[in-house]
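Here is how the chains run, residue by residue.
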Amino acid sequence: MAPSSRYPEQFRADAVALVHSSEQPVRQIARDLGVSPETLRGWVSAAKRRSAATGEPALSGDERDELRKLRARVRELE
């Protein structure tokens with residue numbers, strides 16, 4: 001089990017999405033969010049690895065929440 005993060009999963013996902021949608025450099029985005037640039041780069045790299053491993057684009061936080069709820073609903077119905 002991975003150690004708990006200081007930052008919530010939704011915050012990390014939103015930060016990665018901001019890096020992908022912004023023309024600002026990672027260093028500036030990290031400064032604006034109050035995180036280390038190396039931390040933010042790590043989140044972006046992890047998201048890329050997850051995306052490559054599944055062959056699908058990374059999910060947004062809302063999509064991840066919806067998927068979790070739908071999977072729980074399927075388990076309930078089965």
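As a reminder, the structure under discussion sits directly above these lines.
So, a few notes on the structure that sits alongside this text. Quantities reported herein were computed from a predicted structural model and do not represent experimental measurements.

## A word on the environment of Ala17
Note on placement: Ala17 falls in helix α1 (residues 9–21). Classification of Ala17 by relative accessible area gives partly exposed; the value is 40%. Taking C-alpha positions, Ala17 is 9.7 Å from Ala47, a pair spaced 30 residues apart along the chain.

## Overview of the pattern of salt bridges
In the structure shown here, the tally under the stated rule is three salt bridges. Between Glu9 and Arg12 there is a salt bridge, with its nearest N and O atoms 3.0 Å apart. Of this pair, Glu9 and Arg12 both sit in helix α1, three residues apart, which is roughly one turn of that helix. Residue classification places Arg12 among the partly exposed residues on the basis of a relative accessible area of 22%. Close ionic contact of Arg41 with Glu38 constitutes a salt bridge, the shortest N to O distance being 3.0 Å. Taken together, the residues Arg41 and Glu38, both in helix α3 (residues 37–54) and three residues apart, mark about one turn of the helix. The exposure class assigned to Glu38 is exposed, which follows from its relative accessible area of 53%.

## Let's talk about the packing of aromatic side chains
Tallied over the entire structure, the rule returns three aromatic pairs. Considering the side-chain rings of Tyr7 and Phe11, the 5.5 Å spacing of their centres and the 20° angle between planes classify their relative orientation as stacked. Relative to Trp43, the ring of Phe11 has its centre 6.0 Å away and its plane inclined at 90°; by these criteria the two rings are edge-to-face. A residue pair is termed long-range when its members are at least 10 positions apart, and Phe11 in helix α1 and Trp43 in helix α3 qualify at 32 residues. Accessibility expressed as a relative area gives 12% for Trp43, which makes it buried. Among the aromatic residues, those joined into a cluster by ring pairs are Tyr7, Phe11 and Trp43.

The rules behind these values
- Residues numbered from 1 in each chain as written.
- Predicted model: local features only at pLDDT ≥ 70, side-chain atom pairs only at ≥ 80, totals over all residues.
- Heavy atoms only, no water.
- Helix = DSSP H or I, 4+ residues; strand = E, 2+ residues; numbered from the N terminus.
- Buried < 20%, exposed > 50% of the residue type's maximum accessible area, 1.4 Å probe, protein only.
- Salt bridge = Lys/Arg side-chain N within 4 Å of Asp/Glu carboxyl O.
- Phe/Tyr/Trp six-rings, centres within 6.5 Å; stacked < 30°, edge-to-face > 60°.

Just distances and angles here, no functional claims.
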